[in-house]
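Descriptive analysis of the structure
Okay, here's what each chain looks like letter by letter:
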Amino acid sequence: MNASDILVERLIDWKVDTIFGLPGDGINGVMEALRKVQDKIRFIHVRHEESAAFMACAYAKFTGRLGVCLATSGPGGIHLLNGLYDAKMDQQPVLAITGMQFSDITGTFSQQDVELDKIFMDVACYNNRIMSASHMEEVADLAIRSALMKRGVAHITIPIDIQQQEAGKRNRSQRNVPHHTSAVPASTGNMPSPQDLKRAAEIIRDGKRIAILAGQGALDASKEVLALAELLGAPIVKPLLGKGVVPDDSPFTTGGLGLLGTKPSQEVMENCDTLIMIGTSYPYIEYLPKPGDCRCVQIDSNPQRIGLRYAVDVGLVGDSQRCLAELLPLLKRNSYRRFLERAQRDMKEWKEMLEKEGTSTAMPMKPQVVGWELGKRAREDAIIVSDSGTNTTVWARYMPAKEGQMHSCSGNLASMACGLPYAIAAQLAFPGRQVIAVVGDGGLTMLLGELITAVAYRLPIKLVVVKNNTLGQIKWEQMVFEGNPEYQCELFPVDFVALARALGAEGVRVDDPKTCGAELDRALSVAGPVVIEAVVDPFTAMLPPKITADQAVKFSEALMRGEPHRMKIALTAASDTVRQVV
């Protein structure tokens, strides 16, 4: 048995059954070991290593299990980094396996002579180079355990010659006793102290206008979060990664927060006197209450995250579901319900505005129409992913989360190009569920080759391309946040319908709001992969839910300073504003 065989054996013992990657001569030893166990581990052959890392991250997000990706030496390993940073920043357990140049010529300017363990130092919570076949077993176990326990990226890099080195006593030190590690998982069991629970309960009981901010760490605590909201009369605000914590038809939620969020959520944050943060490290601090304006209790499984975004009064370290189960009996019903009732009235008005935007018959078709019609048609078992850009707003605002659905995106890294790889990983993990990806024409073309992967594996993903021939989010950021005319944001038009058909998928074009629903019905009913090209108005601004005076001034400055499409943008913005008011 050689080092690669040992690695694959450890993966099987840790219940790994799927690996995303691309073969190469720097990883051939591991590929041969995988070939011999292809009945136990399926290898998903991608078109770009960055996609493999995105897929491993998404696989971990949707299954709760270890995601694994593999790449060859040099450029192959380097290509993994963006997707691995996605996993690091969204706290997902991923193992990256890479090859390296022969151990006896490392550091001599040889071909693909890149010391990947040095490059991966920042992205990985565990990072090691295999020194011999006898080194493999304990390193593999520790790498996997580290990724799972620390909820991060672990990296193993293996020189070509070591991959094929036979294990034996000659290569083993006296201290390295065979089989001294195991593949037995263990949970931390973190629970807050009774004293901290008592202090948290006292703070919450003293609150009147209580708000809940529930992120991805609360996804498995939906029942408890809703019970908490009902007991306290507390609106539930959801960061993007927490979109699926509670369904959007719940009377307790005001939806998302921030640039892509809702106006009621922003007003809840501005007016609460007590904030309960559950499983979230929401990065946009400017949308949270001002320090000192409210008291705060934070629940997080990672003690390092306590007090990171807001000056908390009490931090409860532990699993959200278990912490809430211990906290709820210590609380009493909050008799003050006006705060929740005001949020519910505001949310009713907000939803009416969304419906007006989503049912607009204006031409060119508004991007809001795509999200509105798609949201109505997404099944209750759907897994819905988004790329990064204006398409994220289409998903975040206009596609309500339904009970039973799963939602995700590249949360903290906010990387473009994640949507298609995420969808592929989700469909592979759950072949019987509907998988929809909402992407932009900019992000999709970055890793477009993975459409071939979807066709090759006959994955019935539905890829909705919000096509506006521009890097829309960047354009509006240049204008609204900087006061600058847009520059270098336009994209060369692509016929995604023809492209999809050329690659073996189905292609459907949607460009009329009157037929949008019917065309989506047709596309969603197709058994195989489908690219839905939704042609939308490039001059519709996906603006923040509450526009500040500074943003309004900068938007005007951008128009006056030479924005090339200023007349069309001004007229579109004006008509959209009138439509919202009316």
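Position numbers for residues count from 1 along each chain, tracking the sequence in the order it is written. For this predicted model, a pLDDT threshold of at least 70 governs which residues receive local features, and a threshold of 80 or more governs which side-chain atom pairs are given and counted, while totals over whole chains, interfaces and linings are taken from all residues. Excluding hydrogens and water, the side-chain values take into account all heavy atoms of the structure.

Quick word on the pairing of strand β18 (residues 530-535)
So the rule is basically this: The cut-offs for exposure are 20% and 50% of the maximum accessible area for each residue type, with area from a 1.4 Å probe on protein chains only; residues under the lower value are buried, those over the upper are exposed, and the others partly exposed. In this description a helix means any DSSP run of H or I spanning at least four residues, a strand means any run of E spanning at least two, and both kinds are numbered starting from the N terminus. At least two DSSP bridges between two strands are required for those strands to pair. The path from the first strand over the helix to the second decides the hand: if it runs clockwise while the strands point away from the viewer, the crossover is right-handed.
With respect to burial, β18 is a largely interior element, five of its six residues being buried. In terms of strand pairing, strand β17 (residues 506-510) meets β18 through five bridges, oriented parallel. Along β18, the bridge assignment pairs Val-510 with Ala-534. As for the winding sense of the linkage, the β-α-β connection from β17 through helix α21 (residues 516-524) to β18 is right-handed.

Some thoughts on unusual backbone geometry
A cis geometry characterises the amide bond from Met-363 onward to Pro-364, with omega recorded as -5°. Take Pro-364: it is sitting in the loop between α13 (338-358) and α14 (367-377). Phi angles above zero are rare outside glycine, and Gln-91 is one such case at about 55°. By relative accessible area, Gln-91 is classed as buried at 16%. The phi angle at Ala-414 is positive, at roughly 50°, despite the residue not being glycine.

A look at the pattern of salt bridges
Rule in force here: Take a side-chain nitrogen of Lys or Arg and a carboxyl oxygen of Asp or Glu: if they are within 4 Å of each other, that pair is a salt bridge.
Applying the stated rule across the entire model yields 28 salt bridges. The salt bridge partner of Arg-65 is Asp-17, with a shortest N-O separation of 3.5 Å. Of this pair, Arg-65 sits in the loop between α3 (49-63) and β3 (67-71) while Asp-17 sits in the loop between α1 (3-13) and β1 (18-21), and the two are 48 residues apart along the sequence. Among the residues examined, Arg-65 registers a relative accessible area of 32% and is labelled partly exposed. Here Glu-115 and Lys-118 are joined by a salt bridge, their closest N and O atoms 3.3 Å apart. Here the residues in one salt-bridge network are Glu-115, Asp-117, Lys-118 and Arg-129, joined through shared partners.

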